[in-house]
Amino acid sequence: MAGPERLEVRHERLYVRVPGTDKLRKTASGRLRSLLTDGWREIQRTQETDYIQVRLERTGHKPPMRRLPYIPPQQPRQRREGGFRGGDRRGPGGPGGPGGPGGRPPQGQPGTAPPASTPPATPPTPATAAPPAPAAPATGS
């Protein structure tokens, strides 16, 4: 003796082009056609104002998967070797951008002070300077 067959029942609303008629819209007629080709049988049809209520049944179809199979977790990836690759560590953007130091304002714009200058360096003067060495005499032949 075979086990009980599985019976699936659907109630679909299929909207019509003009209220009060039975001419279905393109989407509704395509949906009904695809359900009928998938094995559903139209059992009952009820006319409403804006739509047609259709009762569909199918038997013996494979039930949907209720319990998913166990998938083992992935192994953790190995660490990459070689250290940091890329430019400096200031982050995206140039000076003044996010992650970097503030930039200097361009010179010559009103409202900006000139940059601070350092005093010129003077060469040290030794207290006892040695006289320059005499040039070697030229020997003539």
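In the block above lies the structure referred to throughout.
Residues numbered from 1 in each chain as written. Predicted model: local features only at pLDDT ≥ 70, side-chain atom pairs only at ≥ 80, totals over all residues. Heavy atoms only, no water.

1. Observations regarding the overall build of the protein
For clarity, the threshold we go by: Secondary structure elements follow DSSP: runs of H or I no shorter than four residues count as helices, runs of E no shorter than two count as strands, and numbering proceeds from the N terminus. Burial status follows relative accessibility: with a 1.4 Å probe on protein chains alone, a residue under 20% of its type maximum counts as buried, one over 50% as exposed, and anything between as partly exposed. Residues count as neighbours in contact if any of their non-hydrogen atoms are within 4.5 Å of one another. Per-residue accessibility takes into account occlusion by the displayed protein chains alone, with areas from the Shrake-Rupley method and a 1.4 Å probe.
Summing up its helical and strand segments, the protein has 1 helix and 3 strands in all. Taken from the N to the C terminus, the helices and strands of the protein come in the order β-α-β-β. Residues counted as buried form 11% of the 141 residues belonging to the protein. Long-range pairs, those at least 24 residues apart, make up 47% of the contacts in the protein with a sequence separation of at least 6. Surface summary for the protein: the accessible area is close to 13100 Å², and the carbon and sulfur share equals 55%.

2. Side note on the pattern of salt bridges
Defined as follows: The rule for a salt bridge is simple: a side-chain nitrogen of Lys or Arg has to be within 4 Å of a carboxyl oxygen of Asp or Glu.
One pass over the full model with this rule turns up 6 salt bridges. A salt bridge links Arg31 to Glu12; its shortest N-O distance comes to 3.5 Å. Note that Arg31 is positioned in helix α1 (residues 26–37) and Glu12 in strand β1 (residues 7–15), a separation of 19 residues in sequence. Note that Arg55 is salt-bridged to Glu57, the shortest N-O span being 3.0 Å. Relative accessible area serves as the criterion here: at 24%, Arg55 is assigned to the partly exposed category. In the salt-bridge network here, residues are joined through shared partners; they are Arg6, Glu8 and Arg58.

3. Brief notes about the packing of aromatic side chains
Stated formally: Any pair of Phe, Tyr and Trp rings, taking the six-membered ring for Trp, is counted once the centres come within 6.5 Å. Such a pair is stacked with planes under 30 degrees apart, edge-to-face with planes over 60 apart, and tilted for the rest. We call a charge positioned above a ring when the Lys NZ or Arg CZ atom is no farther than 6 Å from the ring centre and deviates by at most 35 degrees from the ring normal.
Considering all chains together, one arrives at 1 aromatic pair under this definition. The ring of Trp40 has Arg10 lying over it, and the distance from NZ or CZ to the ring centre is 5.5 Å.

4. Digging into α1
Worth spelling out the cut-off: Given a helix with a known number of residues, its expected span is that number minus one, times 1.5 Å. In this context, the arc is that of the directions from the helix axis out to the C-beta atoms.
Its 12 residues place the ends of α1 17 Å apart at the C-alpha level, agreeing with the 16 Å of an ideal helix rising 1.5 Å per residue. Residues of α1 that are buried: Ala28, Leu32 and Leu35. Mapping the buried residues of α1 onto a view down its axis gives an arc of 65 degrees, with all of them on the same face. Turned more than 90 degrees from where α1 packs its buried face, Lys26, Thr27, Arg33 and Thr37 sit exposed. The secondary structure elements touched by the buried residues of α1 are β1, β2 (41–47) and β3 (51–59). Gly39 sits one or two residues past α1 and shows a positive phi near 110 degrees.

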